[in-house]
Amino acid sequence: MSKMQTVALHIDSKQRYSEDNVQQQTYDILGKYGCRDGGEFVKYRQDDASVDVLIKIQKECIKVIRRGEISHQQEFARLRRQLGIYQINNMSIPIETYTKQLLIDREGSFTKKFFIAYDLYVQEQKQSSNELEIQLKIL
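In what follows, the accompanying structure is described. Model, not experiment: these values are computed from the prediction. (Residues numbered from 1 in each chain as written. Predicted model: local features only at pLDDT ≥ 70, side-chain atom pairs only at ≥ 80, totals over all residues. Heavy atoms only, no water.)

Brief notes about the sheet that holds strand β6 (residues 70-76)
Backbone hydrogen bonds hold the strands of a sheet together, and the pairing may be parallel or antiparallel.
1) Next: Here 10 strands make up a closed barrel; going around it, the order is β1-β2-β3-β4-β5-β6-β7-β8-β9-β10 and the pairing antiparallel. Neighbour-to-neighbour, the strand axes of the sheet open up by a mean angle of 25 degrees, direction not taken into account.
2) Next: Looking at chain direction, strand β3 (residues 39-46) and strand β4 (residues 51-57) are connected through seven bridges and run antiparallel. Among the inter-strand pairings, Q46 is bridged to a residue of β4, identified as V51. (Pairing = 2+ DSSP bridges. Helix = DSSP H or I, 4+ residues; strand = E, 2+ residues; numbered from the N terminus. Axes fitted to C-alpha atoms, helices over the stretch in contact; angles between N-to-C directions.)

Structural notes on the side chain of E96
1) Next: Positionally, E96 belongs in strand β8 (residues 91-107).
2) Next: For E96, the side chain forms a polar contact with the side chain of R81, separated by 3.4 Å.
3) Next: Residues in contact with E96, not counting those within four places in the same chain, are R81, Q82, L83, D119, L120 and Y121. (Polar contact = N/O pair within 3.5 Å; in protein donor to acceptor, adjacent residues only side chain to side chain. Contact = heavy atoms within 4.5 Å.)

Section: the pairing of β8
The side chains of a regular strand alternate, residue by residue, between the two faces of the sheet.
1) Next: Of the strand pairs in this sheet, strand β7 (residues 81-88) and β8 are connected by eight bridges, and their pairing is antiparallel. Residue pairing in the sheet places G84 in a bridge with I95 of β8.
2) Next: Counting the residues between successive antiparallel strands, the hairpin from β7 to β8 contains two residues, one of them, N89, with a positive phi of roughly 50 degrees.
3) Next: Taking the residues between adjacent antiparallel strands as the criterion, β8 and strand β9 (residues 110-122) are bridged by two residues, where G108 takes a positive phi near 70 degrees.

Geometric values such as these leave the question of function open.
Here it is in structure tokens:
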């Protein structure tokens with residue numbers, strides 16, 4: 001395992017529930033970056049929701065794990081459907097993601113940016129079309 005390094009994250013997130021109902025968030029946060037078992041990982045705390053986030057970046061797959069007030073795990077691999085469980089307030093809700101696009105921009109072995117476009121389904125009903133872009137910079 002590599003030494004943990006401080007990393008600056010710039011996060012752009014967009015959720016489209018309908019043509020006239022789009023929510024967008026942009027924020028900058030500090031986290032930790034490291035490498036292990038042939039992959040990279042980034043950890044940070046999403047303070048507005050008291051949630052710890054772990055992002056595992058593999059060659060062609062990204063896994064996002066959230067633990068705290070909201071807990072769930074999502075896996076993104078291009079053109080694949082993934083099942084998961086979203087847990088909030090002692091309720092478990094089955095979710096499914098379909099990854100339409102996954103782009104990973106690397107500089108050597110370091111991922112400097114990634115972009116995910118995916119559809120989110122809750123109990124087999126489409127809830128939203130989503131985009132997530134995260135830029136990383138080692139400090």
